[in-house]
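Structural overview for review
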Amino acid sequence: MKILNCPLNGPRNISEFVYGGELKTMPDPATCSDREWAEHVFYHDNQPGMITEWWFHTASGYWFLAERHLLTDEVQRTFDPGELFRQRIEFSREESAS
Amino acid sequence: MPFALLKYGLSSEYPAEVDLPPPTELKASYDVVIIGGGGHGLAIAYYLAKYHGVTNVAVLEKAYLGGGNTARNTAVIRSNYLTSEGVRFYSASVKLFQNLSNEFDFNIMYSERGQLTLAHTDATVRAFRQRAEVNKHFGGRTEMIDRQQIAELVPSLNLDPGHLPVLEGLWHRDGATARHDAVAWGYAKEAAKRGVEIHQLTEVQDLIVEDGRLTGVKTNRGTVRCGCAVQAVAGHSSVLAAKAGFRLPIVSYPLQAMVTQPIKPFLDPLVSSSAMHCYVQQTSRGEVVFGGGSDPYPLYNTRSTLELKESLIASGLEMFPFLAKAKLMRQWGGITDMTPDYSPIMGESPVENYYLDAGWGTWGFKATPICGKTMAQLVASGGQVPDLIRPFSLARFANFEQVNEMGATAASH
Ligand SMILES: Cc1cc2nc3c(=O)[nH]c(=O)nc-3n(C[C@H](O)[C@H](O)[C@H](O)COP(=O)(O)OP(=O)(O)OC[C@H]3O[C@@H](n4cnc5c(N)ncnc54)[C@H](O)[C@@H]3O)c2cc1C
């Protein structure tokens, strides 16, 4: 069995995790074009090298990031998303008149 | 008869048939370069030569013919998809497959056994009814059958596996298999006969794009100029696309399968269960093939894992408990390029003169003939997209017009 090192829970069996996709920078949904949004949602680099990707530990409901090589399957590092995301994102919406 | 054979064998007049002419030097330029010598690349070359008289064509293959996913798949051929676009496309492929041995004068061992997909929930029964109707509408032979009929069709099947009793089945008479490498070789042989050059051990390492147009490719054997090029590289679509300067809506996952030792024939149809993520079939040699869904995370590596085999075999044994004593003989994996809507990408790319035959995921073997034929039309016409493949354009993602085949694809291939 493959073991993945969860930054919160330590080394766990890979079957406890769900893959969450490549880390991408999100365009601003309020201002980006449909094309940019489609690019963000559907398109991927998907290159056989080192990538940064999301993983989810199902048992504890915890999302984290991993650097993994897509050819060798070697995981170089796993880390808490707090290392990259320091600011709280506010999702606010302008109230429509009426 | 044996004497006649002996006489032929010893006679020098008996014409020895050459499958492929010996390798030659690469020319400096071709009208069409096809990247990838799997079933798809070879089929495109064949139809280009046969129907369009385009023969100044080179198929460039980095390893050996049909050694990619064409040789790794479990050879399921069917057309019982969900969307009308999908059913129309795959039905046309099944029709071409039926006549391929005659067309090649070479036996591809097309074997029509029918495919049975099991429904374990009411929701699946409803979805299957829809698939049966869509399929019939386009001339396919598909119907719903009940437990009694299933028991008659596959007496060895356990109708109450685990917590998932079988409710009904989707019975697709057109379901079939064929010898997959024979398909590749049939296309190669016939394409070569018509003048197409097939170069094995020739890897395309870079693409030459000038002013937004593709003008040539760089290989380990030198640079080749071309009027246009098609990429048909199955598990490596994103890699080549990146060299042309664009991205694709594709993530590459390994897909694994395995076979047992040959045993006495007991199973004629192909049997699959979407809820158990497993399909089982017996080859004409008696081996039992187990297959399922892709690996749970992306990778460009065909290594096998014990986890996936354990879960597949557990489901397989729920369906056919007596197989518990069968010995596994071989297991393998291939890289599958998965798209978000479980449909392929065919047609134009963001680069002029560069065409895409990509995103075939776990289901592309059955499409080999029709994909070859329509892609050849596209190339020969200089970019006019045939109706049959128009819905599968790369542009569908930007236009939010996906062709969702997820439910009809998973674990049935
Ligand atoms: C385990 C498994 C089971 C499957 N089961 C089924 C099934 O039952 N039914 C079904 O319909 N489909 C199935 N598939 C999917 C099917 O095998 C593929 O979709 C299909 O073979 C794709 O055909 P192709 O000719 O495009 O690919 P391939 O046969 O993989 O050909 C692509 C070729 O491109 C070459 N290549 C790659 N990069 C380069 C380069 N840079 N330069 C030159 N050459 C290059 C490769 O070496 C390869 O030979 C399965 C796949 C797997 C892995």
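The structure under discussion appears in the preceding block.
To start, this report covers the structure provided alongside it. This one's a predicted model, so the numbers in the text were calculated from it and none came from an experiment.

1. Side note on the overall build of chain B
Helix and strand content of chain B: twelve helices and 19 strands. Relative to its length of 413 residues, chain B is compact, with a C-alpha radius of gyration of 22 Å against a globular reference of 22 Å. In terms of its C-alpha atoms, chain B occupies a principal-axis envelope of roughly 65 × 65 × 40 Å. Relative to its 413 residues, chain B shows a buried fraction of 57%. Contacts in chain B between residues at least 24 apart in sequence constitute 77% of all its contacts with a sequence separation of at least 6. Of the roughly 17,000 Å² that chain B leaves accessible, carbon and sulfur atoms contribute 52%. With 37 positive and 39 negative side-chain charges, chain B shows a separation of 3 Å between the mean positions of the two kinds.

2. Quick look at the overall build of chain A
Along its length, chain A carries one helix and six strands. Counting from the amino terminus, helix and strand elements in chain A follow one another as β-β-β-α-β-β-β. For chain A, whose C-alpha radius of gyration is 17 Å, the value lies well above the compact-globule estimate of 13 Å for 98 residues. Considering only C-alpha atoms, chain A reaches an extent of 55 × 30 × 20 Å along its principal axes. Here chain A holds 98 residues, and 34% of them are scored as buried. Sequence-distant contacts in chain A: of pairs separated by 6 or more residues, those separated by 24 or more amount to 41%. Across chain A, the centroid of the 9 positively charged side chains sits 5 Å from that of the 16 negatively charged ones.

3. Some remarks on the sheet that holds strand E3 (residues 76–77) of chain B
Residues and elements named next belong to chain B. Pairing is antiparallel across the open sheet formed by three strands, whose spatial order is E3-E8-E4. Across the chains shown, the open sheet's two edge strands, defined by having one partner strand only, are E3 and strand E4 (111–112). Note: E4 against strand E8 (residues 176–177), two bridges, orientation antiparallel. If you follow Glu112 over to E8, its bridge partner there is Ala176.

4. Quick word on the packing of helix H3 (residues 84–98) of chain B against helix H10 (residues 368–380) of chain B
All names here are of chain B. The interhelical angle for the contact between H3 and H10, taken along N-to-C directions, is 105 degrees, at an axis separation of 7 Å. When the interaxial angle is binned, H3 and H10 end up roughly perpendicular. From H3, Phe89, Ala92, Ser93, Leu96 and Phe97 reach across to H10, where they touch Thr368, Pro369, Ile370, Cys371, Lys373 and Thr374.

5. Focus: the site of the ligand
All names here are of chain B. Close contacts around the ligand come from 33 residues, with Glu61, Asn69, Thr70, Thr74 and Lys366 the closest. A distance of 2.8 Å separates an oxygen atom of the ligand from a polar backbone atom of Lys366. Look at the ligand: alone it shows 1,000 Å² of surface, and the protein chains cover 97% of it. Residue classes in the shell around the ligand are distributed as 13 nonpolar, 15 polar and five charged.

6. Regarding unusual backbone geometry
All names here are of chain B. The phi dihedral of Met109 is positive, around 55 degrees, even though this residue is not glycine. Looking at the element boundaries, Met109 is found in the loop between helix H4 (100–104) and E4. The phi dihedral of Ala234 is positive, around 40 degrees, even though this residue is not glycine. Mapped onto the fold, Ala234 is located in the loop between strand E12 (222–231) and helix H8 (237–244). Residue classification places Ala234 among the partly exposed residues on the basis of a relative accessible area of 30%.

7. Regarding the packing of aromatic side chains
Under the criterion given, the structure shown has 25 aromatic pairs over all chains. For the ring pair Phe104 of chain B and Tyr187 of chain B, a centre distance of 4.8 Å and an interplane angle of 75 degrees mean the geometry is edge-to-face. Remark: Tyr187 of chain B occurs in helix H7 (residues 180–193) and Phe104 of chain B occurs in helix H4; sequence separation between them is 83 residues. When its relative accessible area of 0% is taken as the criterion, Tyr187 of chain B is described as buried. Above the ring of Phe79 of chain A, the side-chain terminus of Arg77 of chain A is found at 4.0 Å from the ring centroid. A cation sits over an aromatic face here: Arg78 of chain B above Tyr81 of chain B, 4.4 Å from the ring centre.

8. Observations regarding the pairing of strand E15 (residues 278–282) of chain B
Residues and elements named next belong to chain B. In terms of residue burial, E15 counts as a mostly covered element, since five of its five residues are buried. Alternating positions in E15 separate into two faces, Cys278, Val280 and Gln282 on one and Tyr279 and Gln281 on the other, with burial throughout. By the bridge criterion, three bridges tie strand E14 (residues 270–273) to E15 in an arrangement that is antiparallel. Within E15, the position partnered with Ser273 by the bridge is Cys278. Taking the residues between adjacent antiparallel strands as the criterion, E14 and E15 are bridged by four residues, where His277 takes a positive phi near 50 degrees. Hairpin remark: E15 followed by strand E16 (residues 288–292), antiparallel, with five residues in the connecting loop; positive phi at Gly286, about 100 degrees.

9. Some points on the environment of Leu70 of chain A
Residue placement: Leu70 of chain A occurs in the loop between strand E5 (62–69) and strand E6 (75–79). With 21 residues separating them in the primary sequence, Leu70 of chain A and Gly49 of chain A have C-alpha atoms 5.3 Å apart. If near-sequence neighbours (up to four positions away) are discounted, Leu70 of chain A is found in contact with Asn46, Gln47, Pro48, Gly49 and Ile51 of chain A together with Pro298, Leu299 and Tyr300 of chain B.

10. Considering H10 of chain B
Residue and element names in this part refer to chain B. Its 13 residues give H10 an end-to-end C-alpha distance of 18 Å, which sits within 8% of 18 Å, the value for a rise of 1.5 Å per residue. Counted residue by residue, H10 has ten buried out of 13 residues, so it is predominantly covered. Along H10, the positions that sit buried rather than exposed are Thr368, Pro369, Ile370, Cys371, Gly372, Thr374, Met375, Ala376, Leu378 and Val379. Looking at the residues trailing H10, positive phi occurs at Gly382, about 70 degrees.

What counts as what
Residues numbered from 1 in each chain as written. Chains lettered and ligands numbered in written order. Predicted model: local features only at pLDDT ≥ 70, side-chain atom pairs only at ≥ 80, totals over all residues. Heavy atoms only, no water. Helix = DSSP H or I, 4+ residues; strand = E, 2+ residues; numbered from the N terminus. Rg over C-alpha atoms; globule rule 2.2 N^0.38 Å. Buried < 20%, exposed > 50% of the residue type's maximum accessible area, 1.4 Å probe, protein only. Contact = heavy atoms within 4.5 Å. Areas by Shrake-Rupley, 256 points an atom, 1.4 Å probe, with all protein chains shown as cover. Lys, Arg positive; Asp, Glu negative; His and termini not counted. Charge placed at Lys NZ, Arg CZ, Asp CG, Glu CD. Pairing = 2+ DSSP bridges. Axes fitted to C-alpha atoms, helices over the stretch in contact; angles between N-to-C directions. Parallel < 35°, antiparallel > 145°, perpendicular 65-115°, else oblique. Near = heavy atom within 4 Å. Polar contact = N/O pair within 3.5 Å; in protein donor to acceptor, adjacent residues only side chain to side chain. Nonpolar A, V, L, I, M, F, W, Y, C, P; charged D, E, K, R; others polar. Phe/Tyr/Trp six-rings, centres within 6.5 Å; stacked < 30°, edge-to-face > 60°. Lys NZ or Arg CZ within 6 Å of the ring centre and 35° of its normal. Expected span 1.5 Å × (residues − 1).

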